[in-house]
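Report on the structure
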Amino acid sequence: MPDLLFLDAITDAALLGGKAAGLARLTAAGLPVPPGFVLTTDAYRRLHAAGIRSDPAFAQSVLDAYRRLGGGPVAVRSSAVGEDSADSSFAGQLETRLGVAGGEPLLDAIEHCWKSLHAARAVAYRRERGISDDLAMAVVVQQLVPAEVAGVLFTRDPTDPTGRLMAVEASRGLGEAVVSGRVTPDRSRLDRDTGAVVERHPGRQGEPCLSDNQLSQLAELGRRVESLCGEPSDVEWAFAGGAFHLLQARPITAGSAAEREQVRAEVIEHLRATADPAGTVWARYSLGEALPAPTPMTWAVVQRLVAADGGFGAMNRDLGARPDPALGSRGAFDLVAGRPMANLSRLPRMQYVRPPIEYPFAVMKADPRRALDPKPTLNPARVGWRRLPGVIWRLHRMATATRRQAETFAATFTTAIAQRFAAEARAALARDWKALDPPALRAAFDTWVQRTLVDFARDSLKPTVLADLAWTTLFEQLKRKLGEERARAAVGEMARGARPPAEADLVAAVTALAAGEMDRPTFLDRFGHRCGNEMELAQPRWSEVPNEIRAPDQARGRPSPGLKELDERIAALTPALEAPTDTWAGRLRTYLGLREFARHHLMLGYAVIRRALVELDARFGLRGGIFYLLPTELDDLLAGADLSARIAERRKRRQLELSLEVPPVLFSDDLDAIGRPVPSPEGATTFAGVGLSAGVAEAPALVLAEPTGEVPAGPFVLVCPSADPAWVPLFARAVALVMETGGVLSHGAIVAREFGRPAVAGLPGVVRQIRTGDVVRVDGTTGTVAVVVTA
């Protein structure tokens, strides 16, 4: 294929990249696109490492094409494969050079575009979106439009819940100031059908940039673009010499307010249809802490871990329970607007066909905090008094079986079960995966889902149950002597001595790595299958991104106390421990340590599952899209089906669901709480700005004037001057964004919506009014920022 094409020659996105392919399609349709040419992805693959001047003949052909354009100032813009696509905009992440004039500056600008594909912000964007780094880039060179006014048009206003409006942001001069968020632009809302101006909000430049008639002309151009593309579009434009020019058109990848409201209604209807007639309580705890927002593939796979016929159910049966067979492949967790939440009405059925226990709806409705650490209560009426003796006998049998396991399970698990599983998983990871054909990769995926999340999980989940048993037993023994408060403190001190076996002690290993006591290859050999947010299959393991290893919070704090120090603390809280109590104290430490040991080994199997998926993703060129499919759809993939539209739709659906606020405890008689704005606490300092991306998040603020500096390990709200693309690596790590300037249609706003981060802008001087460490609540739906606690 050719290395250089003019815009009207071909529209192949694999050759031209997303941006140039879109411009070529608009050109072919007769729309007003500045003339230009494209250095194709073939040229990138051949020359980006050595540089364009390494092929003098090709460099000369580029200069000849430049002269055919008439010379003079041009715009040089990236056009990566996957850029401006239906599921990822890459908004602002790759290089654009405006006003480039002359042959040598043009060649330099092309190389800058190529290099930007691997810049930190582009890598951070791909990582957050689950997109492979195995991409190629075309570069488009166009005559520069001497814009009098420029900006962005969204053919569907992303903040309009009715879906009947267009949105325009405009500023005098070139449009880069608008899309980068460096100015507060004119904002207008237009009727989609007529182009009539519905609202105007002048920016800082005083007089409006465009007249009503000009806005109407722009709306007509937007309708033509949307008709050609077949979907709502994000259009960059320039106005010069009395005419509009199209600089870019791409699908709107993030959902609009109208789509968000539709998704909200669908989520509520689904929960209402599946709720227990007597009332259901959903609570965000346990699994929701380890897996806050799973991708579709991850959630489908995790079902094998938590299902009644999966690993969790198998563990319960080993301990004498009888999960309700009617549950089948369901577990005690539901996905509520993209978040795993425990269904407390269903949870008892994971142990009993006719549960004698319950989590009382009325009690939890009166005090929702009880649902965040739920404790079941015995209710004989649920099984009937005639069945009660049999139920009590079964409860006694379960308790006896669990206590017997506590006596011997630790040794069996550490010396046999876990070691055997680890050997199998490490052997699987070491195989030549590229030698496997797609059916073999699919088979390996199925095998390791079963092996990890059912066969091994039935044992790896037991340390958690046995640690809880030890905790409860100790608390009940000490409560009689010490009272509840001192007994709870004493058990807490006993628990602090828990550490996993050395081979799984991640905190100790990270500390040793930071201190230079362990080298990186040794660390990666032992812990390369781990990572942050490791229950998410789309998350790269440390072995894949070794430079991203970060010390966890525990490793930076005060070191864990030794057993002698702990014994001294416990002695200060309790009288001398009796023999049974001392035994259970040892078991508490053992099983708390084995919880981490078990997870360490479970993640080995998880890494094998991910390896199979990553290889399939690469074979079929999905660029991370496989994590938006379901296991049952892998057969369609292998059969050659085009699943790109399904992947794009699921990306958008997930982003929309995660933009909905969901309370930590949800009741079936108040499902409208989903998406309901949360009021600011009384007495909070509140700022009113422009909501760029819907949703609510609360965390300590990190206030920065430049995209550099130390970043906290925990969650933070980023407070910064603008949405310039240089901030994107920080966007990816923040839970919410607060900016002084920037419009709803800026690159930063687009990326915030794609990432699912609540964002607010239009707050001049906010970087001076909020301090690092202030606890801030950001409501991107209402456009408000509240300082909840001052530092």
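Now for the overall build of the chain. When helices and strands are tallied, the chain shows 26 helices and 25 strands. The C-alpha radius of gyration of the chain comes to 29 Å, within 12% of the 28 Å expected for a compact globule of 791 residues. Over its C-alpha atoms, taken along the principal directions, the chain stretches across nearly 90 × 55 × 50 Å. Counting the 791 residues in the chain, one finds 54% classified as buried. Of all intrachain contacts in the chain linking residues separated by at least 6 positions in sequence, the fraction that spans at least 24 positions is 68%. Roughly 32700 Å² of accessible area belongs to the chain as shown, and the carbon and sulfur atoms make up 52% of that amount. Charged side chains in the chain number 94 positive and 94 negative. The centres of these two groups are separated by 6 Å.

Moving on, we get to the side chain of Thr402. Position of Thr402 relative to the elements: it lies in helix H13 (residues 388-429). On the basis of relative accessible area, Thr402 is assigned to the buried category, the value being 12%. The contacts of Thr402, once residues within four sequence positions are left out, are Leu319, Val465, Leu466 and Leu469.

Moving on: the pairing of strand S13 (residues 333-336). Where S13 meets strand S14 (residues 339-343), four bridges bridge the pair, whose relative direction is antiparallel. Bridged to Val336 within S14 is Arg339. Between the antiparallel neighbours S13 and S14 lie two residues, among them Ala337 with a positive phi of about 50°.

By size, the foremost hydrophobic cluster in this structure holds 87 residues, and its most contacted members are Leu344, Phe445, Ile609 and Ile626. At 16 residues, helix H21 (residues 579-619) tops the list of elements feeding residues into this core. Once residues lying within four places of it in the same chain are set aside, the contact partners of Ile609 are Phe445, Trp448, Val449, Thr452, Leu453 and Leu537. The next biggest cluster of nonpolar side chains, apart from the first, holds 63 residues, and it includes Phe58, Val100, Leu117 and Val711.

On to the pairing of strand S6 (residues 149-154), then. Counting buried positions along S6 yields six of six residues, so the element is predominantly enclosed. By the alternation rule, side chains of S6 split into Val149, Gly151 and Leu153 and Ala150, Val152 and Phe154, which are all buried. Inspection of the sheet shows S6 paired to strand S7 (residues 165-172) by six bridges, in the antiparallel sense. Bridging across to S7, Phe154 finds its partner in Ala167.

Take the sheet that holds strand S8 (residues 186-191) next. Note: strands within a sheet are paired through backbone hydrogen bonds, in either parallel or antiparallel orientation. Taken in spatial order, the six strands of this open sheet run S9-S8-S7-S6-S10-S11, and their pairing is antiparallel. A single partner strand is all that each edge strand has here, and the edge strands are strand S9 (197-201) and strand S11 (243-251). Strand-to-strand twist in this sheet, taken as the mean axis angle between neighbours without regard to direction, amounts to 20°. In the sheet, strand S10 (residues 233-240) pairs with S11 via eight bridges, with the strands oriented antiparallel. The partner of Phe239 across the bridge, within S11, is Phe244. This element, helix H7 (residues 212-229), spans S6, S7, S8, S9, S10 and S11 of the sheet and lies at about 40° to S11.

Looking now at the confidence of the model for the chain. Model confidence for the chain is summarised by a mean pLDDT of 86, while 90% of its residues fall at 70 or above. Below pLDDT 50 for its whole length, residues 551-563 participates in 20 contacts with residues either more than four positions away or in separate chains.

Let us look at unusual backbone geometry. Of note in the backbone geometry, Ser286 takes a positive phi value of approximately 60° without being a glycine. Considering the arrangement of structural elements, one finds Ser286 in the loop between strand S12 (281-283) and helix H9 (287-290). Positive phi, close to 50°, is recorded for Asn533, a residue that is not glycine. Looking at where Asn533 falls in the secondary structure, it is placed in the loop between helix H18 (520-527) and helix H19 (553-556).

What follows deals with the sheet that holds strand S17 (residues 665-667). With antiparallel pairing, four strands are arranged side by side in an open sheet as S13-S14-S12-S17. Edge positions in the sheet fall to S13 and S17, since each of these pairs with one other strand and no more. Pairs of neighbouring strands in the sheet enclose a mean axial angle of 35°, with direction left out of account. Looking at chain direction, S12 and S14 are connected through two bridges and run antiparallel. Bridge pairing in S14 links Trp282 to Asn343.

Under the definition given, this model contains 48 salt bridges. Ionic pairing is found between Arg53 and Glu111, a salt bridge with its closest N-O pair at 3.8 Å. In this pair, Arg53 is assigned in the loop between helix H2 (41-47) and helix H3 (56-68) and Glu111 in helix H4 (residues 103-116), connecting sequence segments 58 residues apart. Take Arg53: its relative accessible area is 34%, and that puts it in the partly exposed class. Between Arg156 and Glu226 there is a salt bridge whose closest N-O contact spans 3.3 Å. In this pair, Arg156 is assigned in the loop between S6 and S7 and Glu226 in helix H7, connecting sequence segments 70 residues apart. Among the residues examined, Arg156 registers a relative accessible area of 31% and is labelled partly exposed.

A separate point is the packing of aromatic side chains. Following the criterion strictly, the structure yields 12 aromatic pairs and no others. Ring geometry for Phe361 and Phe667: centres 5.6 Å apart, planes at 80°, overall edge-to-face. Of the two residues, Phe361 sits in helix H12 (residues 361-366) while Phe667 sits in strand S17, which places them 306 residues apart along the sequence. Pairwise contacts between aromatic rings join Phe409, Phe413, Phe421, Trp448, Phe456 and Phe597 into one cluster. The ring of Trp433 carries Arg431 above its face, with NZ or CZ at 5.3 Å from the centroid.

Turning our eyes to something else, we now look at helix H10 (residues 296-306). Burial of H10 is extensive: nine of the 11 residues sit out of reach of the surface. Every buried residue belonging to H10 is among Pro296, Met297, Thr298, Trp299, Val301, Val302, Gln303, Leu305 and Val306, and all of these are buried.

What follows is about the packing of H3 against H4. Axis separation between H3 and H4 bottoms out at 10 Å; the angle between their running directions is 115°. In this view, H3 runs roughly perpendicular relative to H4, as classed from their interaxial angle. For the crossing formed where H3 meets H4, the hand is right-handed. For the pair H3 and H4, the contacting residues are Ala59, Val62, Leu63 and Tyr66 in the first and Gly103, Leu106, Leu107 and Ile110 in the second.

This part covers the side chain of Lys462. For Lys462, the position within the fold is in helix H15 (residues 462-482). A polar side-chain atom of Lys462 sits 3.0 Å from a polar atom in the side chain of Asp318. Residue contacts for Lys462: discarding those within four places in its chain leaves Met315, Asp318, Gln405 and Phe409.

Here the focus is the packing of H10 against helix H14 (residues 438-460). Close contact between H10 and H14 brings their axes to 8 Å; oriented N to C, the two are set at 45°. In terms of orientation, H10 and H14 fall into the oblique class. In contact with Met297, Val301, Arg304 and Leu305 of H10, H14 contributes Phe445, Val449, Leu453, Val454 and Ala457. Looking at the contact of H10 with H14 residue by residue, the classes come out as eight nonpolar, no polar and one charged.

Quick notes on the rules
Residues numbered from 1 in each chain as written. Predicted model: local features only at pLDDT ≥ 70, side-chain atom pairs only at ≥ 80, totals over all residues. Heavy atoms only, no water. Helix = DSSP H or I, 4+ residues; strand = E, 2+ residues; numbered from the N terminus. Rg over C-alpha atoms; globule rule 2.2 N^0.38 Å. Buried < 20%, exposed > 50% of the residue type's maximum accessible area, 1.4 Å probe, protein only. Contact = heavy atoms within 4.5 Å. Areas by Shrake-Rupley, 256 points an atom, 1.4 Å probe, with all protein chains shown as cover. Lys, Arg positive; Asp, Glu negative; His and termini not counted. Charge placed at Lys NZ, Arg CZ, Asp CG, Glu CD. Pairing = 2+ DSSP bridges. Core = buried A, V, L, I, M, F, W, Y, C linked by side-chain atoms within 4.5 Å. Axes fitted to C-alpha atoms, helices over the stretch in contact; angles between N-to-C directions. pLDDT = per-residue confidence, 0-100. Salt bridge = Lys/Arg side-chain N within 4 Å of Asp/Glu carboxyl O. Phe/Tyr/Trp six-rings, centres within 6.5 Å; stacked < 30°, edge-to-face > 60°. Lys NZ or Arg CZ within 6 Å of the ring centre and 35° of its normal. Parallel < 35°, antiparallel > 145°, perpendicular 65-115°, else oblique. Left-handed = near helix turned anticlockwise from the far one by under 90°. Polar contact = N/O pair within 3.5 Å; in protein donor to acceptor, adjacent residues only side chain to side chain. Nonpolar A, V, L, I, M, F, W, Y, C, P; charged D, E, K, R; others polar.

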